[in-house]
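Reading the structure
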Amino acid sequence: MSDMTGARGNPSDATLGTLVLAGTPIGDLADAPPRLAAELAEADVVAAEDTRRLRRLAQGLGARIEGRVVSYFEGNEAARTPELAEELARGARVLLVTDAGMPSVSDPGYRLVVAAIELGARVTAVPGPSAVLTALALSGLPVDRFCFEGFPPRKAGERAALLRELADERRTLVFFESPHRLAATLAAMAEAFGADRRAAVCRELTKTYEEIRRGPLAELAAWAADGVRGEITVVVAGAPRGAAAALSATDLAGLVAARESAGQPRKAAIAEVAKEAGVPKRTVFDAVVAAKPPGG
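The notes below deal with the structure included here. (Residues numbered from 1 in each chain as written. Predicted model: local features only at pLDDT ≥ 70, side-chain atom pairs only at ≥ 80, totals over all residues. Heavy atoms only, no water.)

Moving on, we come to the sheet that holds strand S3 (residues 68-71). Spatial ordering of the open sheet is given by S3-S2-S4-S1-S5, a layout of five strands whose pairing is parallel. In this open sheet, the two strands that pair with only one neighbour each are S3 and strand S5 (122-126). Taken over all neighbouring pairs, the strand axes of this sheet differ in orientation by 20° on average, direction set aside. In terms of strand pairing, strand S1 (residues 18-22) meets strand S4 (residues 93-97) through four bridges, oriented parallel. Among the inter-strand pairings, Val20 is bridged to a residue of S4, identified as Leu95. In this fold helix H4 (residues 110-119) packs onto S1, S4 and S5, with an angle of close to 155° to the strand it touches most, S1. (Pairing = 2+ DSSP bridges. Helix = DSSP H or I, 4+ residues; strand = E, 2+ residues; numbered from the N terminus. Axes fitted to C-alpha atoms, helices over the stretch in contact; angles between N-to-C directions. Contact = heavy atoms within 4.5 Å.)

As structure tokens, then:
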């Protein structure tokens, strides 16, 4: 059976409450949706990722919160969801806000949305700012098709494995990253995607010190090595199209072998083949290893 809840609520049970997902500014308070102040005032329960930031937001908007305020963050999301679902079952209007942007997008919210849908409660939204879409629009990279990958793994090995899986993705890629891991992540991207793959680092979007750095991944990694501050969104161009990108592993290994036979060191041969084929060096290296005879 399809989900029939919509803008007019669930016709099957008018006694159930409403869950409202509200977008909040990612930097400039003036970007707050016009409806946000009204929703803060009308909600029976306001679930916030950080209640102190919520109070500052409400004060900045001139909104008075009349309902109960509860915290709803990564550490208590699983435990608090049933409590908020009970509020919805009793007919409450529950407003969910995170520190910045839309709830559920790399922030708490998904569990509560699922619980509300299973309950049959109405789920609606107050659309607002999104770091993902803002960075994508400012990047100068193709925006017709893209995918959002959230935060890359913190551990180097897990991060490298994920990036290798994404090396052939043709859609534009969008990531979040913390400033102290940015240089390492950009270097790992240059290794996995190729040093010349185009990218943009979007820092402090809509804030006073907003900065957009565009260029090849290797160049951006060198820039970030000196240290970067603020909220970071990284946009990376998708894998290039063309016959060269479609070379098989056997083809790649053969090209390296031919250069080695001509006296070129393997490392240099792998780098040249990767650049000419438009694929990451790791892809060529793996092809060479796979082609190596057992015991060779």
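Alright, that's what it looks like, and here's the rest.
Considered as a void within the structure, the largest pocket measures approximately 840 Å³ in volume. Taken together, 37 residues make up the lining of the largest pocket; nearest its centre are Ile26, Arg53, Asp99, Ala100 and Glu231. Of all the elements in the fold, those that place two or more residues in the lining of the largest pocket are helix H2 (51-61), helix H5 (131-139), strand S7 (172-177) and strand S10 (232-236). Per element, the largest residue contribution to the lining of the largest pocket is four residues, and it comes from H2. For the lining of the largest pocket, the class distribution of residues is 18 nonpolar, nine polar and 10 charged. Here the second largest pocket is characterised by a volume of approximately 520 Å³. (1 Å grid on protein atoms, 1.4 Å probe; cavity = no way out; pocket = protein on both sides within 12 Å on 5 of 7 lines; lining within 4 Å. Points joined across faces, edges and corners; volume = space filled by probe spheres on them. Nonpolar A, V, L, I, M, F, W, Y, C, P; charged D, E, K, R; others polar.)

So, about unusual backbone geometry. Positive phi, normally seen in glycine, also occurs at Ser104, with a value near 85°. Exposure remark for Ser104: the relative accessible area of 30% places this residue in the partly exposed category. Its identity is not glycine, yet Thr206 carries a phi of approximately 65°, on the positive side. Relative to the elements of secondary structure, Thr206 occurs in the loop between strand S8 (198-203) and strand S9 (211-216). Using a relative accessible area of 24% as the deciding quantity, one classes Thr206 as partly exposed. (Buried < 20%, exposed > 50% of the residue type's maximum accessible area, 1.4 Å probe, protein only.)

What follows is about the nonpolar core. Membership of the largest hydrophobic core comes to 24 residues, with the highest contact counts inside it found for Leu182, Leu186, Met189, Phe193 and Val236. Of all the elements in the fold, those that place two or more residues in this core are helix H6 (156-166), S7, helix H7 (182-193), S8, helix H8 (217-224) and S10. The element that contributes the greatest number of residues to this core is H7, accounting for seven residues. Excluding anything up to four places from it in sequence, Met189 contacts Leu163, Phe175, Gly194, Leu217, Val234 and Val236. (Core = buried A, V, L, I, M, F, W, Y, C linked by side-chain atoms within 4.5 Å.)

This model, assessed by the stated rule, comprises two aromatic pairs. Seen from their ring centres, Phe148 and Phe176 are 5.0 Å apart, and the 65° between their planes marks the pair as edge-to-face. With a gap of 28 residues between them, Phe148 in strand S6 (residues 146-150) and Phe176 in strand S7 connect regions that are remote in the sequence. (Phe/Tyr/Trp six-rings, centres within 6.5 Å; stacked < 30°, edge-to-face > 60°.)

The subject of this paragraph is the pairing of S4. When you tally the buried positions in S4, you get four out of five residues, the bulk of the element. Here strand S2 (residues 45-48) pairs with S4 via four bridges, running parallel. Within S4, the residue paired with Val45 across the bridge is Val94.

We now examine the sheet that holds S7. As summarised here, the arrangement of the five strands in space is S6-S7-S10-S8-S9, forming an open sheet in which the pairing is mixed. Each edge of the open sheet carries a strand with a single partner, namely S6 and S9. For this sheet, the mean angle separating the axes of adjacent strands, direction not counted, is 20°. Here S7 pairs with S10 via five bridges, running antiparallel. Looking at the pairing, Val174 lines up with Val235 of S10.

This next bit is on the packing of H7 against H8. Angle between the axes and distance between the axes are the two parameters that describe a pair of packed helices. Contact geometry for H7 and H8: axes closest at 8 Å, N-to-C directions at 160°. Here H8 runs roughly antiparallel to H7, going by the angle between their axes. In the crossing of H7 with H8, the sense of the turn from one axis to the other is left-handed. Contacts between H7 and H8 pair Leu182, Ala183, Leu186, Ala187, Met189, Ala190 and Phe193 from the former with Leu217, Ala218, Leu220, Ala221, Trp223 and Ala224 from the latter. Classifying every residue of the contact of H7 with H8 by side-chain character gives 13 nonpolar, no polar and no charged. (Parallel < 35°, antiparallel > 145°, perpendicular 65-115°, else oblique. Left-handed = near helix turned anticlockwise from the far one by under 90°.)

Phe148 sits in the partly exposed class, given a relative accessible area of 29%. Note: C-alpha distance between Phe148 and Leu173 (25 residues apart in sequence) is 6.0 Å. Sequence-distant contacts of Phe148, that is, excluding residues within four places in its chain, are made with Val105, Ser106, Val132, Val174 and Phe176.

All we've got here are geometric facts, nothing functional implied.
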